[in-house]
Amino acid sequence: MIEGLYIESDYHTVEIGSNETEDGDTIAVYRNSYLTRTTFDGDTIGDASWCHTTSLFARGNVRMSMSVGNSETYYYGTAAVVDGWSAMATDADGATGVDVVIYNSYARNLLGGYGTYADTGCRVFLYGTDFRSAEFGGIIANNGEIYITDSDEAATDTNTLREEVSAPYQSFTYDTLEPLAYAEEDDILEENTASTVLAFRNGIMMHVPDLMGSGGSISDKQGVLYVKNATLGTSLECAPEDWETGGYEATWVEKTDEATWAWIEHTLGSAILIRSDNAYIKLTNANIVSWSGVLLQTVLNNDDHGNFIAADEEISDYIGIWVEVDGETALEGDILHEDYQRTMYITLSDSASLTGDIFTGTVDDWHETFADYTDSGANYYRDVDGYDTIWGTYVTLNEGTTWTVTEQSNVTGLTVEEGAVLNGTVTIDGVVTEIEPGVTYTGDIVITAE
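Small disclaimer: the values here were computed from a predicted structure and weren't measured. (Residues numbered from 1 in each chain as written. Predicted model: local features only at pLDDT ≥ 70, side-chain atom pairs only at ≥ 80, totals over all residues. Heavy atoms only, no water.)

*Asks:* Would you mind showing me how to read unusual backbone geometry here?
*Replies:* Negative phi characterises most residues that are not glycine, and trans characterises most peptide bonds. Backbone geometry places Asn229, a non-glycine residue, at a positive phi of 55 degrees. Mapped onto the elements, Asn229 comes out in the loop between strand S17 (223–228) and strand S18 (231–234). Asn229 sits in the partly exposed class, given a relative accessible area of 23%. One non-glycine residue, Asp429, adopts positive backbone phi at about 50 degrees. Turning to its location among the elements, Asp429 is positioned in the loop between strand S33 (425–428) and strand S34 (431–432). Asp429 gets classed as exposed once you look at its relative accessible area, which sits at 54%. (Helix = DSSP H or I, 4+ residues; strand = E, 2+ residues; numbered from the N terminus. Buried < 20%, exposed > 50% of the residue type's maximum accessible area, 1.4 Å probe, protein only.)

Spelled out as structure tokens, the structure:
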């Protein structure tokens, strides 16, 4: 157990690995510690070399702490303050995966990077914790999982929380953990405290890195994000100090090119960003905020490490993106489903509501958005001549829920159950249609504000 620790270092301050106990597991516990570090080799914010790997597009080049192998890491009342890359990270799972429990702690990424990272097979649980980041609050890769909830949830084991998630393609066979197993009496919060994760670029970013160059197509993995009794999103108050001066844009243009910056700028401020990834997202009594007005955005991956559908590839069934909104969650903002290579399913239950628009994009919409970069060689501008599949967006409003369209939305499937409310005028394949409860409609569905 590490208690009252103060660490200031310049590279991979703590790397938590495996094979340090008889069963091959490592358990690390931080209590009331302060972890911080500076940039590596004297790099400054103005150096393009300070921008980390182009597969993440996150600034910084050192990690404060990193859990790997078969390990468990517990943070109690601990702060991690960094300028870039990551504060509390994971990297590559072992036979049983990596688990990180963060309770009543906080992380600050002052100039860039991310608060935490759930790599393949890794699980991160935030209880009553506060993250603020100049770029990403957290990142999920492949089938990584992030759970953001209040401190009271730590009184139950992790699988109790995970069993509330019904991700259709996710495996839940890992060990059960007691979040407070290594906490002392004075570590436990007397009052329930909600978690808050805010960032400048994206609250959570989900992606499918193919760093080994396997060249695979649509991934068979599904990342999981569960936000319960917590706040997640973006805020201009988290912006790096060089944002308003133009320095932020300049470093990325120097590191990459104008086409890449156009992609970054296109995704700025979205509370949740999904890059060519399959995902399951559950929002229960969640507060989702966005300075750009975009709550959820899906896009094609912006580098050559993503998994894409080829124009001539025949796929009859794959995972897609599943979004469940329930409890008293009241969403205010838009959903942009621009990844034309995946289906999105959105379901509202209980007394959940959405005030905003849903946009379902096509290959032509995507290419029109980046028409200025057709000849740039940008990886996100895919050569998909002949691609004409419409996967689309399917929306279900269960009893007690409300969707109020503010301007215009377009979806592929729509079901409004008895007792649900849809505020908007519906046109299906060009015909104004009166929606009957419990009937599923498909086609070119356009809903305009009343």
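*Asks:* Looking at this structure, I do not really get the pairing of strand S15 (residues 196–199). What am I missing?
*Replies:* The side chains of a regular strand alternate between the sheet's two faces. Neither face of S15 is open: one carries Thr196 and Leu198, the other Val197 and Ala199, and all of them are buried. Bridging between strand S12 (residues 130–133) and S15 involves four bridges; their strand directions are parallel. Opposite Phe131, over in S15, you have Val197 as the bridge partner. (Pairing = 2+ DSSP bridges.)

*Asks:* Looking at this structure, how should I read the pattern of salt bridges?
*Replies:* One side chain can pair with another of opposite charge once the charged atoms of both are near each other. Counting across every chain of the model gives 13 salt bridges. Residue Asp99 is joined to Arg123 by a salt bridge in which the shortest nitrogen-to-oxygen separation is 2.7 Å. Placement of Asp99 in strand S8 (residues 86–103) and of Arg123 in strand S11 (residues 122–127) is noted, with a sequence separation of 24 residues between them. Accessibility expressed as a relative area gives 1% for Arg123, which makes it buried. Connected through shared salt-bridge partners, Arg31, Asp186 and Asp187 make up one network. (Salt bridge = Lys/Arg side-chain N within 4 Å of Asp/Glu carboxyl O.)

*Asks:* Just checking my understanding: could you explain the sheet that holds strand S24 (residues 330–332) for this structure?
*Replies:* Sheets are built from strands paired through backbone hydrogen bonds, the pairs being either parallel or antiparallel. On the basis of which strands lie adjacent, the open sheet formed by four strands has the order S24-S27-S30-S32 and parallel pairing. Of all strands in the sheet, those bounded by a partner on one side alone are S24 and strand S32 (421–423). For this sheet the average axis-to-axis angle between neighbouring strands, irrespective of direction, equals 5 degrees. Relative to strand S30 (residues 402–404), strand S27 (residues 353–355) is paired through three bridges, and the arrangement is parallel. When the sheet's bridge partners are listed, Ser353 is paired in S30 with Thr402. (Axes fitted to C-alpha atoms, helices over the stretch in contact; angles between N-to-C directions.)

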